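Summary of the model geometry
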Amino acid sequence: MIGIFDSGIGGLTTVKALMDTLDGHDLIYFGDTARTPYGSKSRDTVARYAIENTEFLLGKGAKIIVMACNTASSVATEILKEKFHVPVFEVITPAVEQAVSQKNRSRIGVIGTRGTINSGIYERLIKEKLPDSSVFSTPCPLLVPLVEEGWFDKPETRMIVKKYLHPLKVRQVESLILGCTHYPLLKTIIQEKIGKRVKIIDSSVAVAEKIREFFLSHPETDGTIAKNGLAELFVSDITAQFETTASTILKRKVSLTKV
Ligand code: DGL
């Protein structure tokens, strides 16, 4: 199984991307709904949660770990790689690689939680690869609760997205990285508000592509993962709203199991 975790339900955008990209590899997901959000917590706390989530998934038989959460990816990648002897994937590098390989790549925008943006990780990784580029980032803390409420196309959501994106729009970014699990669900509004010429880079799609390439070059690991198209979905707290949002993201009726 491929083990995926996130601070909550939003990481199911990565599960959906993996389902759409891979060959029916079995998936196991843990959404830490009892302790969400991670975006406003300290680095130490997020790192501790990431370790616990990984231990849970490995205990259930996961052979590789995918951190769907940008906030966890921004603080816990090295910690997990050192501590656990399985392949660990995060969502930041694949999105950065896509951004720096665009034809128009001198002005790159990034949006994410406060934790992710304050970590400066996107900016650092982009500058390492493209020192002459300009990176403009802005935190968008209200977008996660709007998505969790299912307010995907409300006038209020459109207004808030427009306001958040304004500073990036005036700086004429050429691409925009969606550095948060939840933002792919607002992709249509984001594209509309930032402008149709801006290339949107979705970190959930980027990591799914990276994992597909990994399996092609590592058949020995690929061979350890059953391919029955199964997905087990665990959460640390459950409400009817979580199930509704999960079903919306995966585009089918799903049930979650509380652990
Ligand atoms: N999963 C988080 C991320 O991608 C967003 C929600 C949270 O703050 O926990 O950064």
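Predicted, not measured: the structure shown is a model, and the values here were computed from it.

Now for the sheet that holds strand 9 (residues 231-235). One open sheet accounts for six strands, arranged 4-3-1-2-9-10; its pairing is parallel. Two strands lie at the open edges of the sheet, namely strand 4 (88-90) and strand 10 (257-258), each paired on one side alone. Where strand 9 lies against strand 10, two bridges are found, and the strand directions are parallel. The partner of Phe234 across the bridge, within strand 10, is Thr257. The sheet strands contacting helix 1 (residues 12-21) are strand 1 (2-6), strand 2 (27-31), strand 3 (64-67) and strand 9, and the helix crosses strand 2 at an angle near 170°.

Moving on, we get to the site of the ligand. With respect to spatial proximity, 14 residues lie near the ligand, and among them Asp6, Ser7, Tyr38, Gly39 and Thr71 are the closest. A distance of 2.6 Å separates an oxygen atom of the ligand from a polar atom in the backbone of Tyr38. Contact between the ligand and Thr71: an oxygen atom at 2.6 Å from a side-chain N or O atom of the residue. With the chains in place, 99% of the 300 Å² that the ligand exposes on its own is no longer accessible.

A two-sided burial pattern is seen for strand 3, the buried positions comprising Ile64 and Val66 on one face and Ile65 and Met67 on the other. Pairing analysis gives four bridges linking strand 1 to strand 3, with the strands arranged parallel. Following the sheet pairing, Ile2 is matched in strand 3 by Ile64. Two elements, strand 3 and strand 4, share three bridges in a ladder whose sense is parallel. Each residue of the ladder has a partner; that of Val66, found in strand 4, is Phe89. Following the chain from strand 3 across helix 3 (residues 70-83) to the adjacent parallel strand 4, one finds a crossover that is right-handed.

Position of Phe136 relative to the elements: it lies in strand 6 (residues 134-139). Its relative accessible area of 17% is what places Phe136 among the buried residues. When the C-alpha atoms of Phe136 and Val110 are compared, they prove to be 6.3 Å apart, with 26 residues separating the residues in sequence. Sequence-distant contacts of Phe136, defined by excluding residues within four places in its chain, comprise Arg107, Ile108, Gly109, Val110, Leu168, Arg171 and Val173.

Scoring rules and cut-offs
- Residues numbered from 1 in each chain as written.
- Predicted model: local features only at pLDDT ≥ 70, side-chain atom pairs only at ≥ 80, totals over all residues.
- Heavy atoms only, no water.
- Pairing = 2+ DSSP bridges.
- Helix = DSSP H or I, 4+ residues; strand = E, 2+ residues; numbered from the N terminus.
- Contact = heavy atoms within 4.5 Å.
- Axes fitted to C-alpha atoms, helices over the stretch in contact; angles between N-to-C directions.
- Near = heavy atom within 4 Å.
- Polar contact = N/O pair within 3.5 Å; in protein donor to acceptor, adjacent residues only side chain to side chain.
- Areas by Shrake-Rupley, 256 points an atom, 1.4 Å probe, with all protein chains shown as cover.
- Buried < 20%, exposed > 50% of the residue type's maximum accessible area, 1.4 Å probe, protein only.
- Right-handed = clockwise from strand over helix to strand, strands pointing away.

Taken by themselves, the reported measurements are silent on function.
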